[in-house]
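Residue-level listing of the chains:
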Amino acid sequence: MTLDWNVVWQYRGDLAQGVLLTIALTVATMAIAVPGGIAVMLMRQSHVRAVSFAGTVFVEFFRNVPLILLVYWAFYVLPILTDIQFSAFATGLVAMCLNVSAYNAETFRAGVNSIRKGQLEAAMAMGMSRSQAMRKVVLPQAVRRILPVLASTWVSLFKDTSLVSVIAVGELAHTALQIRSQTFRVLEMLTAMAAIYWLLGYPQAKIVDWIHRKYGVTE
Amino acid sequence: MESTAAGLRKNGDQPPVVQYDGVVKRFGSLTVLNGVSARVNKGEVVCLIGPSGSGKSTLLRCTNALEIADGGRVVFEGQPLPKTEGELRHVRQRMGMVFQNFELFPHMTALENVAVGPITILGANPAEARAKAQMLLEKVGLGAKGGNHPSALSGGQQQRVAIARALAMDPDVMLFDEPTSALDPETIGEVLNVMKRLAEEGMTMVVVTHEMSFARRVANWILVFDEGRVIEEGPPAQIFDAPTHARTQSFLSHLGWNG
Amino acid sequence: MDFDFSPIVDNWGFLAQGLLITIELSVATIVAATLVGIALGLGRVYGPGWLRVPLTFYVDSMRAIPVLVVLVWTFFAFPLVTGITLPPFWAALAALTLHISAFVSEILRAGLNSIRPGQVRAARALGMSGAQIVRKILFPQAVVRMLPAYGSLLSVTIKDTAIASVIAVPDLMRQSETIAAQNYAPIEVFTTAMLAYFLILFPVTRAVEAFYRRVAHLGRS
């Protein structure tokens, strides 16, 4: 077997573009899924039963279906449902956002619920209003619990962007798999793909560990 | 002081069970024990009292080598503590220890907590070990609680199970590390009563405690700690009624002790 | 919009076969990844220094690489290196085990490290050996403590098996794609498949949560 690693260098431009798209998809998804998650969490806390039920269904459903299936589903359903022709990137983004918003909503809920009720009561006993107590006392503590989970979600999300390759979004995985089938340099391209993901993902995993050490609550 | 004290002490004519010779312990730049010498005779109850951070608990942990002394030596039944972990295990098997936070094993029932030592460490017959564990639970007044997990027991009950767990190994000496400090006031008495009965049966005990009335009534000998040293020792009557050291006087008066 | 669910009714046996493969692959992966992950985790926490470094590197690498990449590499590239071609199911099982076991080891490590030092002290004071302390005291408590995270991982594992469709494992995902394409009924077929996955996953995660609530006190020292 002769290996030709030159192919990786030859297609460096395409691969770099794939990397950029992977990063763009990760950032865009998180940028939407943080407010999305907060919105869904607030829905779940609504006193209107239909609204809180809808929030719960959203969270439970999108956390309990495979993302790859969600991507296919969005690919076929979105154009019909909305009568708009979505680009592959936009379709992938929608699927990712549905999934990550559901996870974030649960993260936020758990973060806020983890703060003991006594903290709110103590703040209000000092004369703070309910919203002051939430802003000054509960939320700062909740953020410390939410941030590490959000960081872990970020890394999962970064890796999960590879799944939108199945609907031909030209991110890193799709680009590498395309080059593989054009050049038949299977081992070289698949190894290069793994190596590039590793180079991008390894530091992220280490940063997540650092955040967990810094903010991690041990009880 | 040692020679005059020895004559006064219970079984002072026999070799001590535990002897501390100039024990030094440092944590980084902090010297926690600064040359502590003392002895514990057979059947004695020795109480270690003194302000927080004065080194009482550290000395207790040096006794069974949970902490290794940096200087001096600890002698147990005539032998200095061995150096290797394997040999130390055999020494620890002959010393029972009771912790401030009980440290019962949460995944085992009360009975299993008491039987686990003999079964896993001594290789005892499980049926016999469980029968003996039941007997020990009855001895600490918890004969009906053997099937409960620690989470279903009060603090005082958990601590009594912990005492039974230590007794199950048939130790030659019992080490108590502030056994009532984490308890609700209403359950402190039940633990102290068990300890008092043990003392009456002749168990050799080393007790770190803030319970001055227990020390006064049950101890044979008191060691007063301050800043890593034993500043005064003697029988309870002397320590509590006529302390000679100014620091002992101020420590006792801080606790509101007035004889 | 007209929906036609007849392709699903007509091909239910074909789809059920896929469901069976999904369940088989999930169970096999969970068993294998749990065993490998426990070995990895114990090696990382209690192993000698020369073993910890490569294990940590392996685990962190698996946390960095998408499971799709591991799957594709195992199926297409591994045979080129070794000359051993694995059938899709076995390639998927191997790749998923490589990936998921790293996460099992992380969860176990966190569980072991979360047990407070007093428990070790108490066991040492009784005279237990290091191995006895791990086996009798720390491991059982860590298992209880890791249940919530392990439950999430079970859910992730079942969902990840759907990615095996990319290397032509005839699981529910793959069979659904086939039926959807043949009958041009993607919405009906994929919606049905999503419901099927949901009906497997939701009870599994709920069951683990309920079980944990019942046993949580056994890990609370």
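Residues numbered from 1 in each chain as written. Chains lettered and ligands numbered in written order. Predicted model: local features only at pLDDT ≥ 70, side-chain atom pairs only at ≥ 80, totals over all residues. Heavy atoms only, no water.

Novice: Just checking my understanding: could you explain the interface of chain B and chain C for this structure?
Specialist: Reports often express the size of an interface as the amount of accessible area lost when the parts come together. Opposite the 25 residues of chain B that make contact, chain C presents 22 residues. A combined buried area of about 2,100 Å² lies between chain B and chain C, and 61% of that area is made up of carbon and sulfur atoms. Among the residues of chain B in contact with chain C, B:E103, B:P106 and B:H107 are the three that bury the most area, contributing 27% of the side total. Where chain B touches chain C, the interface holds two salt bridges. For C:R116, the salt bridge goes to B:E103, with nearest N and O atoms at 2.9 Å. The interface formed by chain B and chain C contains eight residue pairs in polar contact (both at pLDDT 80 or more). Mapped by element, the contributors of at least two residues to the side of chain B that touches chain C are α3 (85–92), β6 (95–98) and α4 (110–121) of chain B. (Contact = heavy atoms within 4.5 Å. Buried area = accessible area lost by both parts, 1.4 Å probe. Salt bridge = Lys/Arg side-chain N within 4 Å of Asp/Glu carboxyl O. Polar contact = N/O pair within 3.5 Å; in protein donor to acceptor, adjacent residues only side chain to side chain. Helix = DSSP H or I, 4+ residues; strand = E, 2+ residues; numbered from the N terminus.)

Novice: Explain helix α8 (residues 147–161) of chain C to me, please; I cannot follow it from the model alone.
Specialist: Residues spaced three or four apart along an α-helix point in a common direction, a consequence of the helix completing one turn every 3.6 residues. With 15 residues, α8(C) extends 21 Å between its outermost C-alpha atoms, agreeing within 8% with the 21 Å of an ideal straight helix rising 1.5 Å per residue. Taken together, the buried positions of α8(C) are occupied by C:L147, C:Y150, C:G151, C:L153, C:L154, C:S155, C:T157, C:I158, C:K159, C:D160 and C:T161. (Expected span 1.5 Å × (residues − 1). Buried < 20%, exposed > 50% of the residue type's maximum accessible area, 1.4 Å probe, protein only.)

Novice: Can you help me understand the state of the cysteines in this one?
Specialist: In protein structure, a disulfide is the covalent linkage between the sulfur atoms of two cysteines. Per the stated rule, a full pass over the model turns up zero disulfides over all chains. The cysteine B:C47 is free of any disulfide, with B:C62 supplying the nearest cysteine sulfur at 19 Å. (Disulfide = S-S within 2.5 Å.)

Novice: Help me understand the interface of chain A and chain C, please; the structure alone is not making it clear to me.
Specialist: Opposite the 40 residues of chain A that make contact, chain C presents 41 residues. Carbon and sulfur atoms make up 75% of the area that chain A and chain C hide from each other, which totals about 3,500 Å². Between C:R63 and A:D209 there is a salt bridge; the shortest N-O distance is 2.8 Å. The tally of links between chain A and chain C comes to eleven residue pairs in polar contact (both at pLDDT 80 or more). Listing elements by their share of the side of chain A that touches chain C, those giving two or more residues are α3 (49–63), α4 (67–82), α7 (130–160), α8 (172–183) and α9 (186–215) of chain A. Per-element tally for the side of chain A that touches chain C: the top contributor is α9(A), with 14 residues. Split by residue class, the side of chain A that touches chain C holds 29 nonpolar, five polar and six charged. (Nonpolar A, V, L, I, M, F, W, Y, C, P; charged D, E, K, R; others polar.)

Novice: Can you help me understand a nonpolar patch on the surface in this one?
Specialist: All names here are of chain C. A surface patch of nonpolar side chains, about 360 Å² in accessible area, is lined by I23, V27, V31 and L35. Here I23 shows up in helix α2 (residues 12–46). Take I23: its relative accessible area is 39%, and that puts it in the partly exposed class. (Patch = residues over 30% accessible without salt bridge, like charges linked within 9 Å, V, L, I, M, F, W, Y side chains within 5 Å. Areas by Shrake-Rupley, 256 points an atom, 1.4 Å probe, with all protein chains shown as cover.)

Novice: Honestly, unusual backbone geometry in this entry has me stumped. Any pointers?
Specialist: Excluding glycine, most residues fall at negative phi; most peptide bonds, likewise, are trans. All names here are of chain B. Unlike most non-glycine residues, E77 shows phi in positive territory, near 50°. Along the chain, the position of E77 falls in the loop between β4 (71–76) and β5 (79–80). For E77, a relative accessible area of 33% puts it in the partly exposed group.

Novice: Looking at this structure, I do not really get the packing of aromatic side chains. What am I missing?
Specialist: Centre-to-centre distance and the angle between the planes together describe a pair of aromatic rings. As enumerated under the stated definition, the model contains 13 aromatic pairs over all chains in all. Residues A:Y202 and C:F57 carry aromatic rings whose centres are separated by 5.9 Å and whose planes lie at 45° to one another, so their mutual orientation is tilted. With A:Y202 in helix α9 and C:F57 in helix α3 (residues 49–64), the pair connects residues from two separate chains. What links up through ring pairs into an aromatic cluster is the set A:F58, A:F61, A:F62, C:F198 and C:F202. One Lys or Arg, A:R12, reaches over the ring of A:W9 and ends 4.2 Å from the middle of that ring. The cationic tip of A:R63 hangs over the ring face of A:Y103; the distance from NZ or CZ to the ring centre is 5.8 Å. (Phe/Tyr/Trp six-rings, centres within 6.5 Å; stacked < 30°, edge-to-face > 60°. Lys NZ or Arg CZ within 6 Å of the ring centre and 35° of its normal.)

Novice: Got a minute to help me understand the side chain of C:T74 in this structure?
Specialist: Residues and elements named next belong to chain C. Within the fold, T74 resides in helix α4 (residues 67–82). Look at T74 and you get buried, because its relative accessible area is 9%. One polar contact links the side chain of T74 to the main-chain carbonyl oxygen of V70, over a distance of 2.6 Å. When sequence neighbours within four positions are dropped, the list of residues in contact with T74 reads P79, L86, A91, A94 and A95.

Novice: In this structure, what is going on with the sheet that holds β5(B)? I would like to understand it.
Specialist: Two orientations exist for strands paired in a sheet by backbone hydrogen bonds: parallel and antiparallel. Residues and elements named next belong to chain B. Judged by pairing direction, the sheet is antiparallel, and its four strands sit side by side in the order β2-β1-β4-β5 without closing on themselves. A single partner strand is all that each edge strand has here, and the edge strands are β2 (30–40) and β5. As paired elements, β4 and β5 share two bridges and run antiparallel to each other. When the bridges of β5 are listed, F76 appears paired with Q79. Seen against the sheet, helix α2 (residues 56–63) touches β1 (18–27), β2 and β4 and runs at an angle of roughly 115° to β1. (Pairing = 2+ DSSP bridges. Axes fitted to C-alpha atoms, helices over the stretch in contact; angles between N-to-C directions.)

Novice: Can you help me understand the pairing of strand β10 (residues 229–234) of chain B in this one?
Specialist: Residue and element names in this part refer to chain B. Strand direction decides the pairing type here: strand β9 (residues 221–226) and β10, joined by five bridges, are antiparallel. By the bridge assignment for β10, L223 is matched with E233. In textbook terms, the turn of a hairpin is the stretch between consecutive antiparallel strands, and for β9 and β10 this stretch comprises two residues, one of which, E227, has a positive phi near 50°.

Novice: Would you mind going over the arrangement of the chains with me for this structure?
Specialist: With two pairs of chains in contact overall, the contact-richest pair is chains A and C. Spatially, chain A is disjoint from chain B: no contact exists, and the shortest C-alpha separation is 15 Å.

Novice: What is the right way to look at the nonpolar core in this model?
Specialist: Soluble globular proteins: nonpolar side chains tend toward being buried together. In terms of nonpolar packing, the biggest core is built from 95 residues, with A:M193, C:L25, C:V169 and C:M173 touching the most fellow members. Among residues more than four places away in sequence, those in contact with C:V169 are C:I21, C:L25, C:P88, C:F89, C:A92, C:A164 and C:R174. Among the nonpolar cores identified, the runner-up in size contains 58 residues, and B:I121, B:V173, C:A33 and C:L138 belong to it. (Core = buried A, V, L, I, M, F, W, Y, C linked by side-chain atoms within 4.5 Å.)

Novice: Please explain α7(A) as it appears in this structure.
Specialist: For α7(A), with 31 residues, the first-to-last C-alpha span of 39 Å runs short of the 45 Å given by 1.5 Å per residue. Remark: the principal bend of α7(A), roughly 40°, maps to A:V138, with a proline, A:P140, within the next four residues. (Bend = angle between axes of the 7 residues up to and from the residue.)

Novice: Could you clarify how one ought to interpret the environment of C:A102 in this entry?
Specialist: Tracing the chain through its elements places C:A102 in helix α5 (residues 88–114). With sequence-adjacent residues up to four places away left out, C:A102 is seen in contact with C:L40, C:V59 and C:M62.

Novice: Which parts of the structure should I look at to understand the confidence of the model for chain B?
Specialist: All names here are of chain B. Chain-level pLDDT for chain B is 93 on average; 97% of the residues reach the 70-or-more range. Below pLDDT 50 for its whole length, residues 1–6 participates in four contacts with residues either more than four positions away or in separate chains. The ipTM value of the predicted complex is 0.91, and its pTM value is 0.87. (pLDDT = per-residue confidence, 0-100.)

Novice: Any chance you could explain the packing of α8(C) against helix α10 (residues 186–215) of chain C here in plain terms?
Specialist: Helix-helix packing is described using two parameters, namely the angle between the two axes and the distance between the axes. All names here are of chain C. Viewed as axis vectors pointing N to C, α8 and α10 meet at an angle of 170°, and their least axial separation amounts to 9 Å. As summarised for this structure, α8 and α10 are arranged roughly antiparallel, according to the angle between their axes. Residues L147, P148, G151, L154, S155, I158 and K159 of α8 form the contact with α10, whose own contacting residues are Y197, L201, V204, T205, V208, F211, Y212 and V215. Taken together, the residues that form the contact of α8 with α10 break down as eleven nonpolar, three polar and one charged. (Parallel < 35°, antiparallel > 145°, perpendicular 65-115°, else oblique.)

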